[in-house]
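What follows is the residue order along each chain.
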Amino acid sequence: MDTGPKSDADLMAAVAGGHMAALEELVRRHQESVMAVAYRFLGRWHLAEDVAQDVFIRIHHAAGDYRPEAKFTTWLYRIVVNRCFDLKRGESRRPVSMGDMPADPPGDAPPDPIDARETAGRVQQAVGDLPDRQRTAVVLHRYDGLSHREIAEVTGWSESAVESLLVRGYAGLREALADMDEIGRSDRRETA
Amino acid sequence: MNHPTELELIEWTAGRLERERAEAVGAHVADCEVCARTASAQRDTWDALGDWTVAPPACDLWPAVEARIEGTSAPARAVGPSWPRTVFRAAAAILLAAAVGHVAGRWVRSRMGKPPVEAAFVESLRLDALGGESAVGLSTALQTLVPDYLKEDVR
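Reading guide: rules and limits
- Counting from 1, residues in each chain are numbered in the order their sequence is written.
- Chain letters start at A and ligand numbers start at 1, both assigned in the order the entries are written.
- Given that this is a predicted model, residues contribute local features only at a pLDDT of at least 70 and side-chain atom pairs are listed and counted only at 80 or more, while totals for whole chains, interfaces and linings are drawn from all residues.
- As a rule here, side-chain values cover all heavy atoms of the structure and leave hydrogens and water aside.
- Throughout, a contact is declared for two residues whenever any of their heavy atoms are within 4.5 Å.
- The quantity reported as buried area is the accessible area (1.4 Å probe) lost by two parts once they are put together, taken as the sum for both.
- A pairing counts as a salt bridge when a side-chain nitrogen of Lys or Arg comes within 4 Å of a carboxyl oxygen of Asp or Glu.
- Polar contact is the term for a pair of N or O atoms within 3.5 Å; when the atoms are in protein, one must be able to donate a hydrogen and the other to accept it, and sequence-neighboring residues count only if both atoms are side-chain atoms.
- Under the convention adopted here, Pro, Cys and the residues Ala, Val, Leu, Ile, Met, Phe, Trp and Tyr are nonpolar, Asp, Glu, Lys and Arg are charged, and Gly plus all remaining residues are polar.
- Working definition: rings of Phe, Tyr and Trp (its six-membered ring) pair if their centres are within 6.5 Å, and the pair is stacked with planes under 30 degrees apart, edge-to-face with planes over 60 apart, and tilted otherwise.
- Only protein chains enter the area calculation, which uses a 1.4 Å probe; residues under 20% of their type maximum are buried, those over 50% are exposed, and those in between are partly exposed.
- Elements are defined by DSSP. Helices are runs of H or I of four residues or more, strands are runs of E of two residues or more, and each kind is numbered from the N terminus.
- Here the nonpolar core consists of buried residues drawn from Ala, Val, Leu, Ile, Met, Phe, Trp, Tyr and Cys, with membership extended through side-chain atoms lying within 4.5 Å.
- Using protein atoms alone on a 1 Å grid, points that fit a 1.4 Å probe yet trap it form a cavity, whereas open point sets bounded by protein on both sides within 12 Å along at least five of seven lines form a pocket; residues with an atom within 4 Å of a point count as lining.
- Grid points are joined across faces, edges and corners, and a volume is the space filled by probe spheres set on the points.
- To get an axis, a line is fitted to the C-alpha atoms, and for a helix only the part in contact is used. The angle between two axes follows their N-to-C directions and goes from 0 to 180 degrees.
- Here the word oblique covers every angle except those under 35 degrees (roughly parallel), over 145 (roughly antiparallel) and from 65 to 115 (roughly perpendicular).
- If you view the pair so one helix is near and one far, a crossing is left-handed when the near helix is turned anticlockwise from the far one by less than a right angle, and right-handed when it is turned clockwise.

Q: I keep staring at the interface of chain A and chain B and nothing clicks. Help me out?
A: Many descriptions give the size of an interface as the accessible area lost when the pieces come together. Between chain A and chain B, the residue contacts involve 47 residues of the former and 33 residues of the latter. Note on chain A versus chain B: buried area summed over both sides is about 4,100 Å², and carbon and sulfur give 64% of it. Inspection of the chain A/chain B interface yields 3 salt bridges. R68 of chain B is the salt-bridge partner of D54 of chain A, the closest N and O atoms lying 2.8 Å from each other. Counting every contact that joins chain A to chain B gives 11 residue pairs in polar contact (both at pLDDT 80 or more). Taken together, the residues that form the side of chain A that touches chain B break down as 23 nonpolar, 10 polar and 14 charged.

Q: It is not clear to me how the packing of aromatic side chains should be interpreted in this structure. Could you clarify?
A: Where two aromatic rings form a pair, the distance of their centres and the angle of their planes describe that pair. All names here are of chain A. A complete count under the given rule lists 9 aromatic pairs over all chains for this structure. A ring pair is formed by Y39 and W45, whose centres lie 4.0 Å apart and whose planes are at 10 degrees; its orientation type is stacked. For W45, a relative accessible area of 9% gives the class buried. Their ring planes at 50 degrees and their centres at 6.3 Å tell us that F72 and W75 sit as a pair that is tilted. Highlighted residues: F72 and W75, both in helix α4 (residues 72-90), separated by 3 residues, approximately one helical turn.

Q: Where do I start with the nonpolar core in this structure?
A: Counting 74 residues, the largest nonpolar core has I59 and V123 of chain A as its most contacted members. Per element, the largest residue contribution to this core is 12 residues, and it comes from helix α2 (residues 20-42) of chain A. Leave out the neighbours within four places in its chain, and V123 of chain A touches Y143, L177 and M180 of chain A together with A48, L49 and W52 of chain B. By size, the runner-up hydrophobic cluster in this structure holds 8 residues, among which are A22, V25, V29 and C35 of chain B.

Q: What am I meant to see in empty space enclosed by the protein here?
A: Unfilled space is identified by rolling a water-sized probe across the atoms. Residue and element names in this part refer to chain A. Tallying each qualifying case throughout the model produces 1 cavity of 30 Å³ or more. The calculated volume of the largest cavity comes to roughly 50 Å³. For the largest cavity, the full set of lining residues is V37, F41, V81, C84, T136, V139 and L140. It is helix α6 (residues 132-142) that provides the largest number of residues to the lining of the largest cavity, a total of 3 residues. Residues belonging to the lining of the largest cavity are distributed by class as follows: 6 nonpolar, 1 polar and no charged.

Q: What am I meant to see in the side chain of D54 of chain A here?
A: Note on placement: D54 of chain A falls in helix α3 (residues 45-61). Residue D54 of chain A is classed as buried on the basis of its relative accessible area, which comes to 18%. Non-local contacts of D54 of chain A, meaning those with residues more than four positions away in its chain, are made with R83 of chain A together with R68 of chain B.

Q: Explanation requested: the packing of α6 of chain A against helix α7 (residues 148-155) of chain A in the structure shown.
A: Two measures define how a pair of helices packs: the angle their axes make with one another and the distance between the axes. Residue and element names in this part refer to chain A. Remark: α6 packs on α7, axes separated minimally by 10 Å, with the N-to-C direction vectors making an angle of 125 degrees. As far as their axial angle goes, α7 and α6 are oblique. The chirality of how α6 crosses α7 is right-handed. Contacts from T136, A137, L140 and H141 of α6 reach α7 at I151, V154 and T155.

Q: For this particular structure, what's the right way to read the pattern of salt bridges?
A: All names here are of chain A. This model, assessed by the stated rule, comprises 14 salt bridges over all chains. Notably, a salt bridge pairs R28 with E24, separated by 2.2 Å at the nearest N-O pair. Residue R28 and its partner E24 are located together in helix α2, separated by 4 residues, close to a single helical turn. We classify R28 as partly exposed; its relative accessible area is 38%. Put simply, D8, E25 and R29 are held in one network by salt bridges that share partners.

Given below as C-alpha coordinates:
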(Lines give C-alpha, C1' and ligand atoms only; values in the text may rest on other atoms or scores of the structure.)
Protein backbone atom coordinates (compact mmCIF):
# COMPACT_ATOMS: atom_id res chain seq x y z
CA MET A 1 0.00 0.00 0.00
CA ASP A 2 1.37 3.38 -1.04
CA THR A 3 1.77 5.60 2.00
CA GLY A 4 3.59 8.40 0.20
CA PRO A 5 2.12 11.87 -0.17
CA LYS A 6 -0.85 12.06 -2.49
CA SER A 7 -0.53 13.94 -5.73
CA ASP A 8 -2.37 17.20 -6.27
CA ALA A 9 -4.66 15.44 -8.74
CA ASP A 10 -5.56 12.76 -6.19
CA LEU A 11 -6.23 15.40 -3.56
CA MET A 12 -8.45 17.32 -6.00
CA ALA A 13 -10.44 14.17 -6.68
CA ALA A 14 -10.94 13.79 -2.94
CA VAL A 15 -11.99 17.44 -2.61
CA ALA A 16 -14.54 16.89 -5.37
CA GLY A 17 -15.87 14.02 -3.28
CA GLY A 18 -16.35 16.34 -0.33
CA HIS A 19 -13.27 15.42 1.71
CA MET A 20 -12.20 18.52 3.59
CA ALA A 21 -9.00 16.90 4.82
CA ALA A 22 -7.80 16.77 1.21
CA LEU A 23 -8.52 20.46 0.79
CA GLU A 24 -6.65 21.17 4.00
CA GLU A 25 -3.65 19.32 2.60
CA LEU A 26 -3.79 21.33 -0.62
CA VAL A 27 -4.01 24.58 1.33
CA ARG A 28 -1.01 23.78 3.47
CA ARG A 29 0.95 22.54 0.47
CA HIS A 30 0.40 25.59 -1.76
CA GLN A 31 -0.45 28.51 0.48
CA GLU A 32 3.05 29.98 0.49
CA SER A 33 3.50 29.92 -3.26
CA VAL A 34 0.02 31.34 -3.81
CA MET A 35 0.65 34.16 -1.37
CA ALA A 36 4.04 34.86 -2.91
CA VAL A 37 2.59 35.18 -6.43
CA ALA A 38 -0.22 37.37 -5.18
CA TYR A 39 2.16 39.55 -3.17
CA ARG A 40 4.46 40.11 -6.13
CA PHE A 41 1.47 41.19 -8.15
CA LEU A 42 -0.36 43.26 -5.54
CA GLY A 43 2.48 44.49 -3.35
CA ARG A 44 0.71 44.04 -0.02
CA TRP A 45 0.59 41.01 2.24
CA HIS A 46 -2.91 41.50 3.57
CA LEU A 47 -4.24 41.59 0.00
CA ALA A 48 -2.17 38.55 -0.86
CA GLU A 49 -3.68 36.70 2.07
CA ASP A 50 -7.20 37.70 1.02
CA VAL A 51 -6.52 36.48 -2.49
CA ALA A 52 -5.07 33.22 -1.22
CA GLN A 53 -8.17 32.52 0.88
CA ASP A 54 -10.42 33.32 -2.07
CA VAL A 55 -8.37 31.03 -4.28
CA PHE A 56 -8.72 28.01 -2.01
CA ILE A 57 -12.42 28.61 -1.53
CA ARG A 58 -12.74 28.80 -5.29
CA ILE A 59 -10.88 25.51 -5.54
CA HIS A 60 -13.32 23.96 -3.10
CA HIS A 61 -16.33 25.09 -5.13
CA ALA A 62 -14.85 24.23 -8.51
CA ALA A 63 -13.19 20.95 -7.62
CA GLY A 64 -15.63 19.10 -9.83
CA ASP A 65 -14.47 21.13 -12.82
CA TYR A 66 -10.81 20.21 -12.45
CA ARG A 67 -9.54 17.77 -15.06
CA PRO A 68 -6.43 15.82 -14.00
CA GLU A 69 -5.08 16.00 -17.56
CA ALA A 70 -4.20 19.62 -16.83
CA LYS A 71 -1.33 20.37 -14.48
CA PHE A 72 -2.75 21.37 -11.11
CA THR A 73 -0.38 24.31 -10.63
CA THR A 74 -1.39 25.70 -14.03
CA TRP A 75 -5.04 25.59 -12.95
CA LEU A 76 -4.13 26.99 -9.54
CA TYR A 77 -2.12 29.87 -10.94
CA ARG A 78 -4.90 30.68 -13.37
CA ILE A 79 -7.26 31.18 -10.43
CA VAL A 80 -4.63 33.25 -8.59
CA VAL A 81 -3.98 35.51 -11.58
CA ASN A 82 -7.67 36.03 -12.27
CA ARG A 83 -8.33 36.89 -8.64
CA CYS A 84 -5.38 39.29 -8.57
CA PHE A 85 -6.67 41.08 -11.64
CA ASP A 86 -10.14 41.31 -10.08
CA LEU A 87 -8.65 42.82 -6.95
CA LYS A 88 -6.37 45.12 -8.88
CA ARG A 89 -9.33 46.54 -10.76
CA GLY A 90 -10.85 47.37 -7.41
CA GLU A 91 -7.59 48.85 -6.18
CA SER A 92 -6.93 50.82 -9.35
CA ARG A 93 -7.23 54.11 -7.50
CA ARG A 94 -4.30 53.20 -5.31
CA PRO A 95 -1.28 52.41 -7.48
CA VAL A 96 1.35 50.27 -5.84
CA SER A 97 4.11 52.40 -4.42
CA MET A 98 7.03 51.97 -2.07
CA GLY A 99 5.12 53.81 0.64
CA ASP A 100 2.31 51.26 0.53
CA MET A 101 4.56 48.25 0.68
CA PRO A 102 5.36 46.82 4.08
CA ALA A 103 8.92 45.70 4.63
CA ASP A 104 9.69 42.19 3.49
CA PRO A 105 10.48 39.73 6.20
CA PRO A 106 14.24 39.27 6.58
CA GLY A 107 15.68 36.64 4.28
CA ASP A 108 19.06 34.97 4.29
CA ALA A 109 21.88 37.11 5.66
CA PRO A 110 23.37 39.02 2.71
CA PRO A 111 26.99 40.20 2.52
CA ASP A 112 25.80 43.77 3.07
CA PRO A 113 22.29 43.91 4.58
CA ILE A 114 21.74 47.56 3.81
CA ASP A 115 22.66 47.24 0.14
CA ALA A 116 20.61 44.07 -0.25
CA ARG A 117 17.53 45.73 1.21
CA GLU A 118 18.00 48.71 -1.06
CA THR A 119 18.42 46.43 -4.07
CA ALA A 120 15.32 44.45 -3.16
CA GLY A 121 13.39 47.65 -2.71
CA ARG A 122 14.47 48.99 -6.10
CA VAL A 123 13.56 45.71 -7.76
CA GLN A 124 10.20 45.62 -6.00
CA GLN A 125 9.50 49.16 -7.14
CA ALA A 126 10.57 48.43 -10.72
CA VAL A 127 8.40 45.34 -10.93
CA GLY A 128 5.50 47.18 -9.34
CA ASP A 129 5.78 49.95 -11.94
CA LEU A 130 5.30 47.53 -14.83
CA PRO A 131 1.89 47.42 -16.48
CA ASP A 132 -0.26 44.66 -14.99
CA ARG A 133 0.06 42.21 -17.86
CA GLN A 134 3.81 42.65 -18.18
CA ARG A 135 4.21 42.27 -14.44
CA THR A 136 2.12 39.09 -14.48
CA ALA A 137 4.21 37.56 -17.25
CA VAL A 138 7.54 38.53 -15.68
CA VAL A 139 6.58 37.34 -12.19
CA LEU A 140 5.36 33.98 -13.42
CA HIS A 141 8.42 33.63 -15.63
CA ARG A 142 11.13 34.79 -13.25
CA TYR A 143 9.85 33.68 -9.86
CA ASP A 144 7.64 30.70 -10.62
CA GLY A 145 9.72 29.23 -13.41
CA LEU A 146 6.93 29.06 -15.95
CA SER A 147 7.78 28.94 -19.65
CA HIS A 148 6.04 31.37 -21.97
CA ARG A 149 3.78 28.49 -23.11
CA GLU A 150 2.79 27.72 -19.53
CA ILE A 151 2.17 31.41 -18.89
CA ALA A 152 -0.12 31.42 -21.92
CA GLU A 153 -2.04 28.47 -20.45
CA VAL A 154 -2.36 30.15 -17.08
CA THR A 155 -3.45 33.53 -18.36
CA GLY A 156 -5.39 32.53 -21.45
CA TRP A 157 -3.31 34.94 -23.54
CA SER A 158 -1.77 33.81 -26.80
CA GLU A 159 1.84 32.60 -26.82
CA SER A 160 2.83 35.48 -29.06
CA ALA A 161 1.21 37.93 -26.65
CA VAL A 162 3.09 36.41 -23.73
CA GLU A 163 6.33 36.55 -25.67
CA SER A 164 5.77 40.22 -26.39
CA LEU A 165 4.91 40.90 -22.75
CA LEU A 166 8.06 39.18 -21.53
CA VAL A 167 10.27 41.02 -24.00
CA ARG A 168 8.78 44.40 -23.13
CA GLY A 169 8.67 43.64 -19.43
CA TYR A 170 12.30 42.66 -19.19
CA ALA A 171 13.30 45.58 -21.42
CA GLY A 172 11.52 47.90 -19.02
CA LEU A 173 13.24 46.32 -16.05
CA ARG A 174 16.64 46.56 -17.73
CA GLU A 175 16.08 50.25 -18.20
CA ALA A 176 14.77 50.80 -14.67
CA LEU A 177 17.58 48.86 -13.06
CA ALA A 178 20.39 49.92 -15.39
CA ASP A 179 22.02 52.12 -12.75
CA MET A 180 22.07 49.34 -10.22
CA ASP A 181 25.40 48.04 -11.41
CA GLU A 182 27.11 49.71 -8.46
CA ILE A 183 24.67 48.24 -5.97
CA GLY A 184 25.53 44.70 -5.00
CA ARG A 185 26.75 43.61 -8.43
CA SER A 186 30.19 42.70 -7.16
CA ASP A 187 28.52 40.72 -4.40
CA ARG A 188 26.58 38.65 -6.90
CA ARG A 189 29.26 38.01 -9.46
CA GLU A 190 32.04 35.58 -8.70
CA THR A 191 33.90 36.43 -11.87
CA ALA A 192 33.98 39.58 -14.05
CA MET B 1 24.06 36.23 -39.28
CA ASN B 2 20.83 34.92 -37.69
CA HIS B 3 20.31 36.69 -34.42
CA PRO B 4 18.37 34.84 -31.74
CA THR B 5 15.05 36.35 -30.81
CA GLU B 6 14.87 38.54 -27.73
CA LEU B 7 12.91 35.84 -25.94
CA GLU B 8 15.60 33.32 -26.79
CA LEU B 9 18.23 35.64 -25.32
CA ILE B 10 16.11 35.97 -22.18
CA GLU B 11 15.69 32.20 -21.92
CA TRP B 12 19.38 31.66 -22.67
CA THR B 13 20.53 33.96 -19.88
CA ALA B 14 18.06 32.21 -17.58
CA GLY B 15 19.49 28.83 -18.54
CA ARG B 16 16.14 27.61 -19.83
CA LEU B 17 16.84 26.94 -23.49
CA GLU B 18 17.08 23.41 -24.75
CA ARG B 19 20.66 22.26 -24.93
CA GLU B 20 21.06 22.26 -28.70
CA ARG B 21 19.56 25.71 -29.13
CA ALA B 22 21.44 27.03 -26.09
CA GLU B 23 24.73 26.02 -27.65
CA ALA B 24 23.85 27.76 -30.89
CA VAL B 25 22.82 30.95 -29.13
CA GLY B 26 25.95 30.87 -27.00
CA ALA B 27 28.13 30.58 -30.06
CA HIS B 28 26.32 33.49 -31.70
CA VAL B 29 26.55 35.72 -28.61
CA ALA B 30 30.29 35.10 -28.49
CA ASP B 31 30.61 36.55 -31.99
CA CYS B 32 27.95 39.27 -31.95
CA GLU B 33 28.62 42.44 -30.00
CA VAL B 34 25.02 43.60 -30.12
CA CYS B 35 23.60 40.36 -28.79
CA ALA B 36 26.39 40.09 -26.25
CA ARG B 37 25.53 43.54 -24.87
CA THR B 38 21.84 42.66 -24.65
CA ALA B 39 22.59 39.32 -23.04
CA SER B 40 24.87 40.95 -20.47
CA ALA B 41 22.25 43.53 -19.52
CA GLN B 42 19.60 40.83 -19.32
CA ARG B 43 21.82 38.72 -17.09
CA ASP B 44 22.33 41.65 -14.70
CA THR B 45 18.59 42.25 -14.61
CA TRP B 46 17.86 38.57 -14.07
CA ASP B 47 20.30 38.45 -11.15
CA ALA B 48 18.91 41.66 -9.66
CA LEU B 49 15.40 40.26 -9.81
CA GLY B 50 16.66 37.33 -7.79
CA ASP B 51 17.60 39.73 -4.98
CA TRP B 52 13.92 40.36 -4.35
CA THR B 53 13.22 37.44 -2.08
CA VAL B 54 9.74 37.05 -0.76
CA ALA B 55 8.92 35.11 2.38
CA PRO B 56 5.22 35.11 3.26
CA PRO B 57 4.52 35.88 6.90
CA ALA B 58 4.10 32.76 8.95
CA CYS B 59 0.42 31.99 8.82
CA ASP B 60 -1.91 29.09 8.38
CA LEU B 61 -4.72 29.87 5.98
CA TRP B 62 -6.67 26.68 6.68
CA PRO B 63 -8.69 27.84 9.74
CA ALA B 64 -9.90 30.93 7.90
CA VAL B 65 -10.64 28.98 4.71
CA GLU B 66 -12.51 26.31 6.62
CA ALA B 67 -14.53 28.89 8.55
CA ARG B 68 -15.56 30.68 5.36
CA ILE B 69 -16.59 27.45 3.68
CA GLU B 70 -18.62 26.32 6.69
CA GLY B 71 -20.12 29.79 6.96
CA THR B 72 -21.83 29.41 3.61
CA SER B 73 -25.05 27.41 4.14
CA ALA B 74 -24.96 25.73 0.76
CA PRO B 75 -22.79 22.61 0.70
CA ALA B 76 -19.88 22.55 -1.69
CA ARG B 77 -21.39 19.55 -3.38
CA ALA B 78 -24.92 18.19 -3.01
CA VAL B 79 -25.13 14.80 -1.38
CA GLY B 80 -27.25 12.41 -3.38
CA PRO B 81 -29.52 13.18 -6.34
CA SER B 82 -31.69 16.31 -6.14
CA TRP B 83 -34.15 15.50 -8.97
CA PRO B 84 -36.94 14.00 -6.76
CA ARG B 85 -37.17 17.27 -4.87
CA THR B 86 -37.26 19.22 -8.11
CA VAL B 87 -40.00 17.06 -9.60
CA PHE B 88 -42.08 17.33 -6.44
CA ARG B 89 -41.75 21.10 -6.43
CA ALA B 90 -42.72 21.34 -10.09
CA ALA B 91 -45.76 19.14 -9.58
CA ALA B 92 -46.86 21.16 -6.56
CA ALA B 93 -46.50 24.37 -8.54
CA ILE B 94 -48.59 22.99 -11.40
CA LEU B 95 -51.35 21.80 -9.06
CA LEU B 96 -51.38 25.10 -7.28
CA ALA B 97 -51.63 26.98 -10.55
CA ALA B 98 -54.47 24.76 -11.72
CA ALA B 99 -56.38 25.22 -8.46
CA VAL B 100 -55.96 28.97 -8.57
CA GLY B 101 -57.06 29.03 -12.16
CA HIS B 102 -60.17 26.97 -11.45
CA VAL B 103 -61.24 29.13 -8.53
CA ALA B 104 -60.57 32.29 -10.49
CA GLY B 105 -62.54 31.00 -13.42
CA ARG B 106 -65.58 30.21 -11.32
CA TRP B 107 -65.40 33.61 -9.69
CA VAL B 108 -65.22 35.38 -13.02
CA ARG B 109 -68.13 33.40 -14.42
CA SER B 110 -70.22 34.17 -11.36
CA ARG B 111 -69.61 37.87 -11.90
CA MET B 112 -70.37 37.86 -15.60
CA GLY B 113 -73.85 38.34 -17.07
CA LYS B 114 -75.47 36.15 -19.68
CA PRO B 115 -72.75 34.18 -21.37
CA PRO B 116 -72.45 34.99 -25.08
CA VAL B 117 -73.33 31.45 -26.20
CA GLU B 118 -76.60 31.61 -24.28
CA ALA B 119 -77.48 34.92 -25.92
CA ALA B 120 -76.92 33.43 -29.37
CA PHE B 121 -78.98 30.37 -28.49
CA VAL B 122 -81.88 32.45 -27.30
CA GLU B 123 -81.75 34.58 -30.39
CA SER B 124 -81.72 31.52 -32.63
CA LEU B 125 -84.93 30.27 -31.00
CA ARG B 126 -86.58 33.62 -31.57
CA LEU B 127 -88.18 33.55 -28.14
CA ASP B 128 -88.69 37.29 -27.95
CA ALA B 129 -92.35 36.97 -28.69
CA LEU B 130 -92.86 34.56 -25.81
CA GLY B 131 -91.60 37.11 -23.37
CA GLY B 132 -89.03 36.53 -20.74
CA GLU B 133 -90.30 34.86 -17.60
CA SER B 134 -86.92 34.30 -16.03
CA ALA B 135 -83.95 36.51 -15.39
CA VAL B 136 -82.24 35.32 -18.55
CA GLY B 137 -85.23 35.71 -20.82
CA LEU B 138 -86.34 32.10 -21.25
CA SER B 139 -89.72 30.69 -20.23
CA THR B 140 -89.68 27.85 -17.76
CA ALA B 141 -91.25 25.52 -20.26
CA LEU B 142 -88.37 25.87 -22.64
CA GLN B 143 -85.73 25.07 -20.10
CA THR B 144 -85.61 21.49 -21.27
CA LEU B 145 -84.23 22.73 -24.55
CA VAL B 146 -81.36 24.46 -22.84
CA PRO B 147 -78.08 22.54 -22.84
CA ASP B 148 -77.20 21.16 -19.46
CA TYR B 149 -74.16 23.31 -19.05
CA LEU B 150 -76.30 26.47 -19.26
CA LYS B 151 -78.93 25.38 -16.75
CA GLU B 152 -76.96 26.50 -13.81
CA ASP B 153 -76.92 30.05 -15.11
CA VAL B 154 -80.59 29.95 -16.15
CA ARG B 155 -81.89 29.08 -12.68
